[in-house]
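Okay, here's what each chain looks like letter by letter:
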Amino acid sequence: MIDLKGEEDFEEEGRDLQAKIEAERIAEALVFASSQPVPEGFLAERLPRNANVREIMLRLKEQYAPRGVNLVQIEGAWAFRTAADLSFVIRRDDNEVKKLSRAALEVLSIIAYHQPVTRAEIEDIRGVQTSRGTLDVLMEAGWVRFRGRRRTPGRPVTLGTTRDFLDHFGLEELRDLPGLEELKGAGLLSGRIPANFNIPSPLMNDELSEDEDPITQMDLEELGLLAPRSTSED
């Protein structure tokens, strides 16, 4: 005699498995078709209503881990990238990025670890003035952005890194930045650093801090990022 209940359960499990496979295929296609990292919110809007986006992406990440192309997480977004150990076989002669100057590397490092940080604070840490050209190079590369304005006299602009920064350097999030021991092991810090020297913990999200105000349309015009709006009618 056939156990009808058991057969129904089996069929339901089969439907659930098929639904999971279909959801994975949709998520895979959406990420593959995008030239930019795809936010989980975007995926959630296009996957079946009850789909668990995080579980789906983690399963796909595991499936792609041993392959030549990996699925990587960049903050709350996902992208396909060449496996790190195969990057040397990918030719990038046509669009090779110019090497950053020492000053640009120093400024980028300070922004990454100390964000949100102002230009004056960067200069205080480095002990020298920072040229506008240095910041322009980092912004043109898409690695640094204006975050907000500090609630202090003069309302200086605060700087932070971008998702493209994480993507370029193979980081899922800012907490993956190398720590003190890693930097020393890589020879990037002198063995004679002060005993009380430490690496600051960068802000873990894009939310403005308590002493920051959002950048407004007027701020963008003042910074020269937007053309001033006309105050008179033609």
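This structure is a prediction, so every number in the text was calculated from the model and none was measured. (Residues numbered from 1 in each chain as written. Predicted model: local features only at pLDDT ≥ 70, side-chain atom pairs only at ≥ 80, totals over all residues. Heavy atoms only, no water.)

Undergrad: Help me understand the pairing of strand β3 (residues 77-82), please; the structure alone is not making it clear to me.
TA: Moving residue by residue along a regular strand, the side chains alternate between the two faces of the sheet. Looking at chain direction, strand β1 (residues 38-39) and β3 are connected through two bridges and run antiparallel. Bridging from a neighbouring strand, Val-38 pairs with Trp-78 of β3. Pairing between strand β2 (residues 69-74) and β3: six bridges, direction antiparallel. If you follow Val-69 over to β3, its bridge partner there is Thr-82. In textbook terms, the turn of a hairpin is the stretch between consecutive antiparallel strands, and for β2 and β3 this stretch comprises two residues, one of which, Glu-75, has a positive phi near 55 degrees. (Pairing = 2+ DSSP bridges. Helix = DSSP H or I, 4+ residues; strand = E, 2+ residues; numbered from the N terminus.)

Undergrad: What's the story with the packing of aromatic side chains in this structure? I'm lost.
TA: For any pair of aromatic rings, the description rests on two quantities: the centre-to-centre distance and the angle between the ring planes. For the structure on display, the rule yields four aromatic pairs. Judged by centre distance (6.5 Å) and plane angle (65 degrees), the rings of Phe-32 and Phe-80 are edge-to-face. You can see Phe-32 sitting in helix α1 (residues 4-33) and its partner Phe-80 sitting in strand β3, a full 48 residues away along the chain. Taking relative accessible area as the criterion, Phe-80 reaches 14% and is therefore assigned buried. Between Phe-165 and Phe-169 the ring centres are 5.1 Å apart and the planes differ by 50 degrees, which places this aromatic pair in the tilted class. What makes Phe-165 buried here is its relative accessible area of 4%. By relative accessible area, Phe-169 is classed as partly exposed at 40%. Ring-pair connections join several aromatic residues into one group, and the members of that group are Phe-32, Tyr-64 and Phe-80. Against the face of Phe-42 rests Arg-46, its NZ or CZ located 3.6 Å from the ring centre. (Phe/Tyr/Trp six-rings, centres within 6.5 Å; stacked < 30°, edge-to-face > 60°. Buried < 20%, exposed > 50% of the residue type's maximum accessible area, 1.4 Å probe, protein only. Lys NZ or Arg CZ within 6 Å of the ring centre and 35° of its normal.)

Undergrad: Before we go on, may I ask you to explain the nonpolar core in this structure?
TA: What tends to happen in soluble globular proteins is that the nonpolar side chains get buried as a cluster. The biggest cluster of nonpolar side chains holds 21 residues, and the ones touching the most others in it are Ile-111, Ile-122, Phe-165 and Leu-177. Only α4 (102-114), α6 (132-140) and α7 (163-168) provide two or more residues apiece to this core. Among the elements that line this core, the one with the most residues is α4, at seven residues. Of all hydrophobic cores here, the second largest spans 14 residues; its members include Ala-27, Val-38, Trp-78 and Phe-80. (Core = buried A, V, L, I, M, F, W, Y, C linked by side-chain atoms within 4.5 Å.)

The quantities given are spatial measurements derived from coordinates; they are silent on function.
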